[in-house]
Amino acid sequence: MPQWQNRAHFFGFAAQLMRHILVDHARGRLAAKRGAGAPRLALDPEIALPQKREVDLVALDDALTKLATLDPQQSRLIELRFFGGLSIEETAVVLGISPATVKREWATARAWLQREMKQKEAHK
């Protein structure tokens with residue numbers, strides 16, 4: 001049984017699991033519909049990637065995987081905030097960085113993901 005260091009550590013692990021569960025479910029539904037649009041999920045406006053839009057979880061997962069090759073910390077940060085619902089402060093604890101760094105990285109990673117997902121959408 002895992003030994004959780006603190007509440008943020010537990011939620012960090014839960015964020016990874018939630019990402020995998022939601023993306024696997026979205027991929028399964030997508031496959032079942034023979035290529036129809038992936039299920040959309042309405043997000044909390046505080047942590048929404050595209051502002052107040054629904055998110056294609058499969059496209060988000062693909063973009064996060066690509067981001068992880070460029071900047072693993074930013075990819076993890078998005079995972080913690082988006083899938084785990086962690087606050088700036090909780091994310092800082094899990095990643096071992098300052099809240100100010102989390103805010104900067106969050107803004108940068110969100111902008112990158114939005115651009116990446118728009119480009120993918122344009123090529124469909």
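Just so you know, the residues in each chain are numbered from 1, in the order the chain's sequence is written. With pLDDT at 70 or above as the cut-off, local features in this predicted model cover only qualifying residues; side-chain atom pairs require 80 or more to be listed or tallied, and sums for whole chains, interfaces and linings still use all residues. Hydrogens and water are ignored here; the side-chain numbers use all heavy atoms of the structure.

### Some details on the overall build of the chain
Looking only at helices and strands, one finds five helices and two strands in the chain. Out of the 124 residues in the chain, the part that is buried amounts to 37%. Partitioning the contacts of the chain with sequence separation of at least 6, the portion at a separation of at least 24 is 62%. Secondary structure counts use DSSP, requiring at least four H or I residues in a row for a helix and at least two E residues in a row for a strand, with both numbered from the N terminus. Only protein chains enter the accessibility calculation, which uses a 1.4 Å probe. A residue is then buried if its area is under 20% of the maximum for its type, exposed if over 50%, and partly exposed in between. Note on contacts: a residue pair is in contact if any heavy atoms of the two residues lie within 4.5 Å.

### Things to note about the confidence of the model for the chain
Per-residue confidence from the predictor is reported as pLDDT, a score between 0 and 100. Scored by pLDDT, the chain comes out at a mean of 82, with 79% of its residues at no less than 70. Per-element confidence in the chain is highest for helix H3 (residues 72-83), whose mean pLDDT is 93, and lowest for strand S1 (residues 40-41), whose mean pLDDT is 56. Of the regions scoring below 50 in pLDDT, residues 48-52 engages in 14 contacts with residues more than four places distant in sequence or in other chains.

### Considering the nonpolar core
Ranked by size, the top nonpolar core spans 24 residues in total, and within it Leu 60, Leu 64, Ile 78, Phe 82, Phe 83 and Leu 113 carry the most contacts. Within the residue set of this core, elements represented by two or more residues are helix H1 (7-32), helix H2 (57-70), H3, helix H4 (88-95) and helix H5 (99-122). Per-element tally for this core: the top contributor is H2, with seven residues. Nonpolar cores are built from buried Ala, Val, Leu, Ile, Met, Phe, Trp, Tyr and Cys residues. Side-chain atoms within 4.5 Å join them into one set.

### A word on the pattern of salt bridges
One side-chain nitrogen of Lys or Arg within 4 Å of one carboxyl oxygen of Asp or Glu is enough to make a salt bridge. Per the stated rule, a full pass over the model turns up seven salt bridges. Salt-bridge contacts for Lys 120 lead to Asp 62; the nearest nitrogen and oxygen are separated by 2.6 Å. Of this pair, Lys 120 sits in helix H5 while Asp 62 sits in helix H2, placing them 58 residues apart in sequence. For Lys 120, a relative accessible area of 34% translates into the label partly exposed.

### Observations concerning H3
In this analysis, the expected span of each helix is defined as 1.5 Å times one less than the number of residues it contains. Over its twelve residues, H3 extends 16 Å from the first C-alpha to the last, a length consistent with the 16 Å expected when each residue adds 1.5 Å. With respect to burial, H3 is a largely interior element, nine of its twelve residues being buried. Buried within H3 we find Gln 74, Ser 75, Leu 77, Ile 78, Glu 79, Leu 80, Arg 81, Phe 82 and Phe 83. Of the residues trailing H3, Gly 85 is marked for its positive phi of about 70°.

### With respect to H4
Residues Ile 88, Thr 91 and Ala 92 constitute the buried set of H4. The arc enclosing the buried residues of H4, seen along the axis, measures out at 105°, which places them on a common side. Looking one or two residues past H4, Gly 96 carries a phi angle of roughly 70°, positive in sign. The arc under discussion is defined with respect to the helix axis, by the directions toward the C-beta atoms.

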